[in-house]
Each structure stands twice: as structure tokens, then as C-alpha cells.
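Structural characterization, general
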Amino acid sequence: MQIRISDLMDACCPENVELGAENKDMAGRINESVMAKIGVGQPRSKRTAKKPLRTLLLVAVLATLMGSAAYAVSGWFMNLHKTETDETGYWRELDEQGKILNEHKASFPDAGMVLTFEGPTERRNQPEFRCFYLPSEANFGFTDEEGWTTYLSDQGEGSDIPYIISAGNVRAGNHKRIINGEVTLIKEEDWDNWHVTVLTSDYTDCTMRWNYERANYVLLFNSEEGWLVMVSGTDDPDTLKHIARELEIRDSGEPAFAGEDAAVESIGILDPGRG
């Protein structure tokens, strides 16, 4: 059976209806009326409709920048710089409330690298760690039943100190932490939310007497928490990095000792065996 297209169209329009000529004005008015009812503008309105998108993008960028600024205010910063002059500061013995029990001014003629920190000065909880790799058994420091501690080391024999691992909060303000000797930056990189700095120090030309010729350091700095975890010692940098990579670090839940007044000048040594 053959069906013609014209047969199918018979019921579409009533008979004897003449189709009118094209009327552009009427079509335009109908189009404008329909578009207004459904909320769609004319071509010129379509161009302006893109502006809110750009505005939203701008707002998003500003929100991101403001969020970064807020993060910067609430976080901590670590600054490293070499020194060409003798560093001086104060040795201070504090009690648990931060009260100074004893102090005296000291000079550090071999200071090669100075670390300072910027950020909030409020008292915080002490970080702690546990180790999942050690090249040799620790012989100094105490851990709980699960292995958590804030200090662990192998003091070695004679002048050898293979490794020392310590964790603590950074101190902002006028507190300096120094590394003696001719300090060389080996590498900087990021491990998740930790900024890692690898250093080596040569004591050959130091004026003070040192029991070993060189020490190495892996500094793990967490700018969100204000934590500094340090793995240092006479072991090679790769071994110290291996130790650092296998550390688990967390908030101990225990308040740290009260820090010194940020306005008071003080200094501390990071060299193994000299802290």
C-alpha cells in the first residue's frame, strides 16, 4: 500500500484556508512577546547577560585571595638566612609557666644559618611523633606503649651522633634558632602539608671545638600548626630523610611549656649535642 505525503497532510489544516504572505513585523512582535514571557532577552540583552558570569568569577577570585590572606594571618612562616656577623642572644632557663629562672648573654661566633619564625604567640599543644624506620636502635629518649614521644636519639659512641629526632612548636618574635658551621642548603621540597628543608653543615673552619666534622639536618615545618620536627645527626642526609619520611606526627593533646615573650630576645642552637 502506497501512502502519499500529501494524503497525510490533509488533516493538518482546514479546507479552503488560504495561507497568507510572510509578515516580518507581525513575526517580530510575536517573537518579542514570547521571548518576554519566557524571560529571554533580545540579542543585545544576550550580550549583557554574560556580565553576571564575569562578576561571579571576579567574586570567586576575590574570595580566594581573601581566604589566602586570612590563612596567612593565622599561620606561621619560617625564615632562613645566612649570617656574616657573630650572632648573640640569651641563654634562658624557664619553668613550666614560662618564668625566667636564669639567663646570661652569649655569643655564637660560628653561626652559619639563622632560623626565625613569624605567627601567633599563643600557647599551643605539643606535637609528638612515632617512628616506623630507624637505622639503629635509639638509646636516649622515652616513648609510651604505642611508641609516641617528642624526643628520640642514638647518641652513638665517642663523637658520633647518628640521629636526633625532636618535635616542638615554633616560637615567633625575637627568638632565633641557629645552626653553626658553613651551612649549605641541599634541597627544599613539600611532603603534603610539610615543607622540608635539607641542610648540611661543615665545622672545619669553626672557632669552637666540635667533636665531629659535619652534621646534617632535615627540617619538617608545618605552617598550619606551627610545628617544627627536626631529624639531625652525623648520618648521611638520605638516611635522615628516610627516618623523616617514616614518621607519624600528631597533636599530643598536652599543652606545651609557655613560650617566651615575643618581644624578648633569645637564641637557641640546633646543632646535634649542642642544644
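No experiment lies behind these values; they were computed from the predicted model shown.

The secondary structure content of the protein chain amounts to five helices and 14 strands. The 275 residues of the protein chain split such that 33% are buried. Considering only intrachain contacts with a sequence separation of at least 6, the fraction spanning at least 24 residues in the protein chain is 63%. If you sum the accessible surface of the protein chain, you get close to 17,700 Å²; carbon and sulfur atoms cover 52% of it.

As a further point, take the nonpolar core. Counting 22 residues, the largest nonpolar core has L115, I179 and Y217 as the members making the most contacts within it. Among the secondary structure elements, those contributing two or more residues to this core are β4 (111–118), β11 (214–222) and β12 (227–233). A167, W227, V229 and I243 belong to the second largest nonpolar core, which has 18 residues in total.

Side chains carrying opposite charge are able to pair once their charged atoms draw close together. All chains considered together, the criterion is met by six salt bridges. The partner of E189 in a salt bridge is K241, and the shortest N-O contact between them spans 3.2 Å. Of this pair, E189 sits in strand β9 (residues 182–191) while K241 sits in helix α5 (residues 237–245), placing them 52 residues apart in sequence. The two residues E189 and K241 agree in class, both being buried.

In this section: the side chain of D271. Within the secondary structure layout, D271 lies in the segment after β14 (266–269). A distance of 2.9 Å separates polar atoms of two side chains, one belonging to D271 and the other to N180. Within the structure, the side chain of D271 is placed 3.1 Å from the side chain of Y217, a separation counted as a polar contact. Not counting residues up to four positions away in its chain, the partners in contact with D271 are I178, I179, N180, Y203, W210 and Y217.

Bringing the sheet that holds strand β7 (residues 163–169) into the picture now. Taken together, the six strands give an open sheet; going across it, the order is β6-β7-β12-β11-β10-β9, and neighbouring strands pair in antiparallel fashion. Single-partner strands in this sheet number two, and they are β6 (151–154) and β9. With direction set aside, neighbouring strand axes in the sheet form an average angle of 15°. Here strand β10 (residues 194–202) pairs with β11 via eight bridges, running antiparallel.

What counts as what
Residues numbered from 1 in each chain as written. Predicted model: local features only at pLDDT ≥ 70, side-chain atom pairs only at ≥ 80, totals over all residues. Heavy atoms only, no water. Helix = DSSP H or I, 4+ residues; strand = E, 2+ residues; numbered from the N terminus. Buried < 20%, exposed > 50% of the residue type's maximum accessible area, 1.4 Å probe, protein only. Contact = heavy atoms within 4.5 Å. Areas by Shrake-Rupley, 256 points an atom, 1.4 Å probe, with all protein chains shown as cover. Core = buried A, V, L, I, M, F, W, Y, C linked by side-chain atoms within 4.5 Å. Salt bridge = Lys/Arg side-chain N within 4 Å of Asp/Glu carboxyl O. Polar contact = N/O pair within 3.5 Å; in protein donor to acceptor, adjacent residues only side chain to side chain. Pairing = 2+ DSSP bridges. Axes fitted to C-alpha atoms, helices over the stretch in contact; angles between N-to-C directions.

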